[in-house]
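# Architecture and fold: a report
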Amino acid sequence: MADPFSLEDADEPDFARAPAPREGGIAARAQAAMRAGMGVPRYVEALNPEQRAAVEALDGPVLVLAGAGTGKTRVLTTRIAHIIATGRARAHEILAVTFTNKASREMKERIAALAGPVAEGMPWLGTFHAIGTKILRRHAELVGLKSGFTILDTDDQVRLLRQVIQSENIDDKRWTPRALAIQIDNWKNRGLEPSRVPAGEAEAFANGKGRHLYTLYQERLKILNAADFGDLLLEGLRLLREHPDILAEYQRRFRYILVDEYQDTNTVQYLWLRLLAQPSAERPQRNICCVGDDDQSIYGWRGADVDNILRFEKDFPGATVIRLERNYRSTGHILAAAAHLIAHNEGRLGKTLFTDGEEGEKPTVSGVWDSEEEARTIGEDIEQLQRKGQSLDEVAILVRASFQMREFEERFITLGLPYKVIGGPRFYERAEIRDALAYLRCVAQPADDLAFERIFNVPKRGLGDATLQILHDHARRQKIPLMQAARELIETEELKPRPRQIIRALMDDFARWSSQIDAKPHNELAEQILEESGYTDMWQKDRSADAAGRLENLKELVRSMEEFPDLGGFLEHISLVMDADNREAGERLSIMTLHAAKGLEFETVYLPGWEEGLFPHQRSLDEQGRAGLEEERRLAYVGITRARLRAKIYFATNRRIRGMWQTTIPSRFLDELPAAHVDVVEAPQGNYGGYGVSRFNSLDTFGSSYNTPGWQRAQKNRQKNGNDNSGFSERGQASWSNPSRRGGQTIEGELVAKSSVVSGFTKGVRVFHQKFGPGTVSAVDGNKLTVDFDKAGRKMVLESFVQAA
DNA sequence: CAAAGCTACCTTTTT
DNA sequence: GGTAGCTTTG
């Protein structure tokens, strides 16, 4: 696709004088209207006063503190449209950065809707990494790379580090590549090149070898013409620091800078932004606008520095600070609960959300006996809501840790409640996708040693470590890529006849594929490669449950290649922007972590597992102390504010932790909810073994709403049972394993589907289930199937969960 | 070279 | 308690 605002265009000498955008669309019309003295454009009129201020404050630094659900994205996109409409800058003179591809995609779409085709010409709207890559590619030589450098993902990174560690004769069991990768990432996040790593830290790894290994790794990357994710920003930063002329060029180019989710920026990102936002002769104003919410900073553990947002006014003196506090998402009680909770944090910039909308239902807090009952109670609750017309797409279960998901999944499978898990392994991280990509990389970039190593013996072709070692030695000696080494070695006697034969065949394959790069559409070539290499075959022969899914993924990969002009273009983008939103049909409720839920909203939100140790998570407290607790609290705040109409919080008295049943204490966050805005409800099943050591008796915060019958009964039970651990676990065991307590809930009785529905499956048909694998239908009832799974045995499942095998 | 056996993990995760 | 990743074994 031709880019109407190519970089070359931007380099025109007169670009500083911005002419009116030529495109149609609302923005252009609005601008015409403004010029004609017709007042405020409609898209601005539609905003509330604070939003409008944020859009119209165009000169100088601006910090927009946008609370949850206050129209943050709307402000960002409208602001961009406004900058263009008022002729302050053209689309290619605006730098707009986000964290995720999803966010940048959404922003692009919304700008397009607002301002018409102008948005397509926003070449500098993207993730930090995408923009970093773009800049880096243009000046790659200056940091020791070539413009076509490959971007390594975590997997490649680890394998490279293993080589580096081994080359130094360090025990890679004691000092694992993974640990070093984390350490190096951490340094890169903090903007530290090898020479700048604090001595103490540098010494910590492998008895003082840390800095050395980091240096070696960077050297190896340059030799491979590769960059890891951290480099995309750190090398970009180095580039700007060491080449003032280039920095000046970008400062001149970016007349306006906008940053989304500023509270999530880490140190490199911050330094990078600060450099670009510095005033210059041609742009005396620091037109940087950061949008964020300090209360939603939940990524401290991966390097995000809340201080960046807290420090904004110091960093950018004279900054305009605008607070968006009018919430359009949640009802009054939900907001009040969230606000009261987050008020317990110190070190906030301070915001209080409010709404003109209804008070709505109070968030509820329910105690349950154990995690099993928690899943059952929530499942039943969802079914009840569903009967009242609640769409499952509007229901989410937000957990603190992913291990909590399993119990819900199991429950929903037996209930036949369709669900989806958000945030599993990403598409491009799957082994089959990475293998396929490795083949393509070998063809497109014959010097890509890491890719070659990956597929060297995949599928199994009888090559082993010994052969690889010979290739490596030769390659190292001759300073040539592995594939070339292989080609040279098959002409010699160094290899044993058998491997020599196999490698020769493989090299012939690669030669054939390479010769067709320009002759064939790249997706067809990819298909051919996967066929001829025996890779597809390998999975077809694989009888394990997920083989079918993997083949499906490979098909999807080939399909997705169509969107790119050629193989090179495809590979260039793949590492940065590849995610498969599993857009399956049908209503499903969502299960995800609280982290994954940021930015989303649902009518009904379930928040299970509010217990000390799990939430707030013990590790967070141990490792980060007070800061950790505050981040956990922000996580709780994020969770509650995802809810539009209903927030339902649960805590279990007993939870299995590392296999051991343990009695737990309700989360301190429960104490921090305002009594007047929360209902404590009796668990539907009405079985109480006691709440354990409840912290609810701090009546000053919680007070009078705790006088429901259930609560009082719980109080009584608590006194009776005290804090006797053994007593609890005994009861736990008894009730857990006693079938009568399950209230005669046969699977049959709980399935939602009506028998009148005619199934597309019949008895005896072979089917495939994502979780249970292949099986044979043994009975059909409406859209309920009884299936004998090859591995998992007989289960009753909803027909929508299986496909014909 | 693949299956079985053993050990060390066990919060959150984007690019 | 479950599992991933590695080592041992056939």
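Scroll up to find the structure.
Thresholds applied
Residues numbered from 1 in each chain as written. Chains lettered and ligands numbered in written order. Predicted model: local features only at pLDDT ≥ 70, side-chain atom pairs only at ≥ 80, totals over all residues. Heavy atoms only, no water. Helix = DSSP H or I, 4+ residues; strand = E, 2+ residues; numbered from the N terminus. Buried < 20%, exposed > 50% of the residue type's maximum accessible area, 1.4 Å probe, protein only. Contact = heavy atoms within 4.5 Å. Areas by Shrake-Rupley, 256 points an atom, 1.4 Å probe, with all protein chains shown as cover. Axes fitted to C-alpha atoms, helices over the stretch in contact; angles between N-to-C directions. Parallel < 35°, antiparallel > 145°, perpendicular 65-115°, else oblique. Left-handed = near helix turned anticlockwise from the far one by under 90°. Nonpolar A, V, L, I, M, F, W, Y, C, P; charged D, E, K, R; others polar. Near = heavy atom within 4 Å. Polar contact = N/O pair within 3.5 Å; in protein donor to acceptor, adjacent residues only side chain to side chain. Core = buried A, V, L, I, M, F, W, Y, C linked by side-chain atoms within 4.5 Å. Salt bridge = Lys/Arg side-chain N within 4 Å of Asp/Glu carboxyl O. Expected span 1.5 Å × (residues − 1). Arc of directions from axis to C-beta. Pairing = 2+ DSSP bridges. Phe/Tyr/Trp six-rings, centres within 6.5 Å; stacked < 30°, edge-to-face > 60°. Lys NZ or Arg CZ within 6 Å of the ring centre and 35° of its normal.

Moving on: the overall build of chain A. Looking only at helices and strands, one finds 35 helices and 21 strands in chain A. Each of the 805 residues in chain A was classed as buried or not, and the buried ones make up 55%. Put simply, 75% of the contacts in chain A that link residues at least 6 apart link residues at least 24 apart. Accessible surface, chain A: about 34,900 Å² in total, of which carbon and sulfur atoms supply 50%.

So, about the packing of helix α23 (residues 482-489) against helix α24 (residues 497-515). Where α23 meets α24, the axes come as close as 10 Å, and the angle between the chain directions of the two elements is 125°. Judged on the interaxial angle alone, α24 and α23 are oblique. Considering how the two elements wind past one another, α23 and α24 form a crossing that is left-handed. Packed against α23, whose contacting residues are Met483, Ala486 and Arg487, the element α24 presents Ile503, Met507 and Phe510 at the interface. Considering only residue class, the contact of α23 with α24 consists of five nonpolar, no polar and one charged.

On to the protein's contact with DNA strand B, then. In the neighbourhood of DNA strand B, 28 residues make up the surrounding shell, with Ser402, Arg426, Lys460, Thr593 and Arg619 lying closest. Sugar plus phosphate, as a fraction of atoms of DNA strand B within 4 Å of the protein: 56%. One nitrogen or oxygen atom from the side chain of His595 is found 3.5 Å from a base oxygen belonging to DNA strand B. At 3.1 Å, a side-chain N or O of His617 approaches a sugar or linking oxygen of DNA strand B. Broken down by element, the residue count for the surface near DNA strand B peaks at four residues, all from helix α30 (residues 618-640).

The full set of residues close to DNA strand C is Lys173, Arg406, Arg658 and Gly659. Residues belonging to the surface near DNA strand C are distributed by class as follows: no nonpolar, one polar and three charged.

If you look at the biggest cluster of nonpolar residues, it comprises 69 residues, and the most contacted ones within it are Ile257, Val259, Trp272 and Leu276. The element best represented in this core is helix α14 (residues 267-277), accounting for eight residues. In this view, Val259 contacts Val97, Phe128, Thr265, Leu273, Ile288, Cys289, Cys290 and Val291; residues no more than four positions away in its chain are not counted. Judged by nonpolar contacts, the second largest core, of 49 residues, contains Leu468, Ala486, Leu495 and Ile502.

Note that side chains of opposite charge can pair when their charged atoms are close. Within the structure shown, the criterion is met by 55 salt bridges. For Lys222, the salt bridge identified is with Glu235, shortest N-O distance 2.6 Å. Of the two residues, Lys222 is situated in helix α11 (residues 210-223) and Glu235 in helix α12 (residues 229-242); the sequence distance between them amounts to 13 residues. By relative accessible area, which is 22% here, Lys222 ends up partly exposed.

This paragraph deals with helix α6 (residues 101-115). With 15 residues, α6 ought to run about 21 Å at 1.5 Å a step, and its terminal C-alpha atoms sit 21 Å apart, in line with that. Listed as buried for α6 are Asn101, Ser104, Met107, Ile111, Leu114 and Ala115. Axial view of α6: buried residues confined to an arc of 160°, hence all on one face. Seen from the open side of α6, the exposed residues pointing more than 90 degrees away from its buried face are Glu109 and Ala113.

This paragraph deals with the packing of helix α18 (residues 371-387) against helix α19 (residues 403-415). Two elements in contact, α18 and α19, have axes separated by 9 Å at closest approach and are oriented at 45°. Viewed along their axes, α18 and α19 adopt a mutual orientation that is oblique. Crossing of α18 against α19: the hand is right-handed. Along the contact surface, α18 presents Ser371, Glu372, Glu374, Ala375, Arg376, Ile378, Gly379, Ile382 and Glu383, while α19 presents Glu407, Phe408, Arg411, Phe412 and Leu415. The class makeup of the residues in the contact of α18 with α19 is six nonpolar, two polar and six charged.

This next bit is on α23. Restricting attention to buried positions, one finds in α23 the residues Leu482, Met483, Ala485, Ala486 and Leu489. Taken around the axis of α23, the buried residues stretch over an arc of 160°, which confines them to a single face. Against α20 (431-444), α21 (449-455), α22 (465-478) and α24 lie the buried residues of α23.

In this section: unusual backbone geometry. Cis geometry marks the peptide bond from Val458 to Pro459; its omega dihedral reads 0°. Position of Pro459 among the secondary structure elements: in the loop between α21 and α22.

So, about the pairing of strand β13 (residues 602-607). It is a general feature of regular strands that their side chains alternate between the two faces of the sheet. β13 sits mainly inside the fold: five of its six residues count as buried. Sheet analysis places strand β10 (residues 395-399) next to β13, joined by three bridges and oriented parallel. Bridging across to β13, Val395 finds its partner in Thr604. Sheet topology note: the β13/strand β14 (residues 643-657) ladder contains five bridges and is parallel. Paired with Thr604 across the bridge in β14 is Arg646.

Further remarks concern the packing of aromatic side chains. Tallied over the entire structure, the rule returns 22 aromatic pairs. Geometrically, the ring pair formed by Phe564 and Phe570 is edge-to-face, given 5.4 Å between the ring centres and 70° between the ring planes. In this structure Phe564 comes out as buried when scored by relative accessible area, which is 17%. A relative accessible area of 0% places Phe570 in the buried class. With a centroid separation of 5.4 Å and an interplanar angle of 80°, the aromatic rings of Phe615 and Phe669 are classed as edge-to-face. Of the two residues, Phe615 is situated in the loop between β13 and α30 and Phe669 in helix α31 (residues 668-671); the sequence distance between them amounts to 54 residues. There is no split in this pair, since Phe615 and Phe669 are both buried. Over the aromatic face of Phe149 sits the side chain of Arg137, whose NZ or CZ is 4.3 Å from the ring centroid.

Moving on to the sheet that holds strand β2 (residues 94-98). Across the sheet, six strands lie side by side as β3-β2-β6-β7-β1-β8; this open sheet has parallel pairing. Strand pairing shows two members of the sheet lacking a second neighbour, β3 (125-127) and β8 (320-324), which therefore form its edges. Pairwise comparison of adjacent strand axes, ignoring direction, gives a mean angle of 15° for this sheet. Strand direction decides the pairing type here: strand β6 (residues 256-259) and strand β7 (residues 288-292), joined by three bridges, are parallel.

It is worth spelling out the side chain of Glu235 at this point. According to the relative accessible area criterion, Glu235 is buried, its value standing at 4%. Among all residues touching Glu235, those that are not within four sequence positions of it are Leu136, Val143, Gln218 and Lys222.

Moving on, we get to the environment of Leu589. Position of Leu589 relative to the elements: it lies in strand β12 (residues 589-593). Apart from the residues lying within four places of it in its own chain, the contact partners of Leu589 are Ile382, Leu392, Val395, Ile397, Phe412, Leu417, Pro418, Tyr419 and Lys420.

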